Amino acid sequence: MPVSSYELDREVFQLLKTGVEKLKDWQGAASGIADYVSIWGMERFWAMSRSPVLKDGIIPDAEAGSDEQRRYFAWGVARVVLCKIVGNDLKIEPEMTTADFQDRFRNLNFNQQVLLTDLLIEIADTIQFWTMRLKDVQDSNDSV
């Protein structure tokens, strides 16, 4: 399941662009994804990245919904990008419930769990980069 940094950047950027108008609502939470995963782990990240209001684990609409939904927009992006990269190989889907993800994650071998965690931290770093880039562009009234 090789992934180039360009693919990762493209996937993250395309999904984050959909929420650029409400960037100020979600940029703060976006910067904390990697730290959260490092401290609390994959299972808790999965639970936090899924909106309790939206069906099927879709990414919250950054333009609408509650403050809480908008705040975790980037977390949903991270979950969806992770699944696009490893979904077929590790059978992890973005719409999995937290309980289903926990069962699947616990059935992965140690190397797969580490790979998944490292990849999510890399995705989080990519989200943080593009979030800051989108903010810089927005502040300068320019386009990316």
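Up top is the structure.
Residues numbered from 1 in each chain as written. Predicted model: local features only at pLDDT ≥ 70, side-chain atom pairs only at ≥ 80, totals over all residues. Heavy atoms only, no water.

*Asks:* Help me get a handle on the overall build of the protein, residues and values and all.
*Replies:* Summing up its helical and strand segments, the protein has eight helices and zero strands in all. Sequence-ordered secondary structure for the protein, helices as α and strands as β, is α-α-α-α-α-α-α-α. Relative to its full complement of 144 residues, the protein shows a buried share of 41%. In the protein, the proportion of contacts linking residues at least 24 apart, taken out of those at least 6 apart, comes to 73%. Working note: accessible area of the protein is about 7800 Å², and carbon and sulfur atoms make up 49% of it. (Helix = DSSP H or I, 4+ residues; strand = E, 2+ residues; numbered from the N terminus. Buried < 20%, exposed > 50% of the residue type's maximum accessible area, 1.4 Å probe, protein only. Contact = heavy atoms within 4.5 Å. Areas by Shrake-Rupley, 256 points an atom, 1.4 Å probe, with all protein chains shown as cover.)

*Asks:* Give a description of the packing of aromatic side chains that names residues and reports values.
*Replies:* Where two aromatic rings form a pair, the distance of their centres and the angle of their planes describe that pair. Throughout the structure, instances matching the rule amount to eight aromatic pairs. A centroid spacing of 4.7 Å and a plane angle of 50 degrees characterise the contact between phenylalanine 13 and tryptophan 130, whose relative ring orientation is tilted. With a gap of 117 residues between them, phenylalanine 13 in helix α1 (residues 5-17) and tryptophan 130 in helix α8 (residues 110-139) connect regions that are remote in the sequence. The residues phenylalanine 13 and tryptophan 130 share a single accessibility class, namely buried. A ring pair is formed by phenylalanine 129 and tryptophan 130, whose centres lie 4.9 Å apart and whose planes are at 80 degrees; its orientation type is edge-to-face. Each member of the aromatic cluster is reached from another via a ring pair, and the members are Tyr36, Phe45, Tyr72 and Trp75. When the ring centre of tryptophan 46 is taken as origin, the NZ or CZ atom of arginine 79, which lies over that ring, is 5.8 Å away. (Phe/Tyr/Trp six-rings, centres within 6.5 Å; stacked < 30°, edge-to-face > 60°. Lys NZ or Arg CZ within 6 Å of the ring centre and 35° of its normal.)

*Asks:* Which residues make up the packing of helix α2 (residues 23-30) against α8, and what values go with them?
*Replies:* Interhelical geometry of α2 versus α8 gives an angle of 150 degrees and a closest axis separation of 10 Å. One way to sum up the angle between α2 and α8 is to call them roughly antiparallel. Helix-helix and strand crossings are classified by hand; for α2 and α8 the assignment is left-handed. Residues Leu23, Trp26, Gln27 and Ala30 of α2 pack against Ile127, Thr131, Leu134, Lys135 and Gln138 of α8. In the contact of α2 with α8, the residues fall into five nonpolar, three polar and one charged. (Axes fitted to C-alpha atoms, helices over the stretch in contact; angles between N-to-C directions. Parallel < 35°, antiparallel > 145°, perpendicular 65-115°, else oblique. Left-handed = near helix turned anticlockwise from the far one by under 90°. Nonpolar A, V, L, I, M, F, W, Y, C, P; charged D, E, K, R; others polar.)

*Asks:* Can you lay out the pattern of salt bridges for me, pointing to particular residues and giving the numbers?
*Replies:* Within the structure shown, the criterion is met by four salt bridges. Between lysine 84 and glutamate 11 there is a salt bridge whose closest N-O contact spans 3.0 Å. A residue pair is termed long-range when its members are at least 10 positions apart, and lysine 84 in helix α6 (residues 73-90) and glutamate 11 in helix α1 qualify at 73 residues. Residue glutamate 11 is classed as partly exposed on the basis of its relative accessible area, which comes to 25%. (Salt bridge = Lys/Arg side-chain N within 4 Å of Asp/Glu carboxyl O.)

*Asks:* Any chance you could break down helix α3 (residues 33-40) for me, citing the residues and the numbers?
*Replies:* Because an α-helix completes one turn every 3.6 residues, residues spaced three or four positions apart along the sequence face the same direction. Among all positions in α3, only Ile33, Ala34 and Val37 are buried. Take α3 and look down its axis: the buried residues cluster within an arc of 100 degrees, on one side only. Turned more than 90 degrees off the buried face of α3, the exposed positions are Asp35 and Ile39. Structurally, α3 contributes buried residues whose contacts are with α2, α4 (42-49), α6 and α8. Glycine 41, located one to two residues past α3, shows a positive phi value of around 95 degrees. (Arc of directions from axis to C-beta.)

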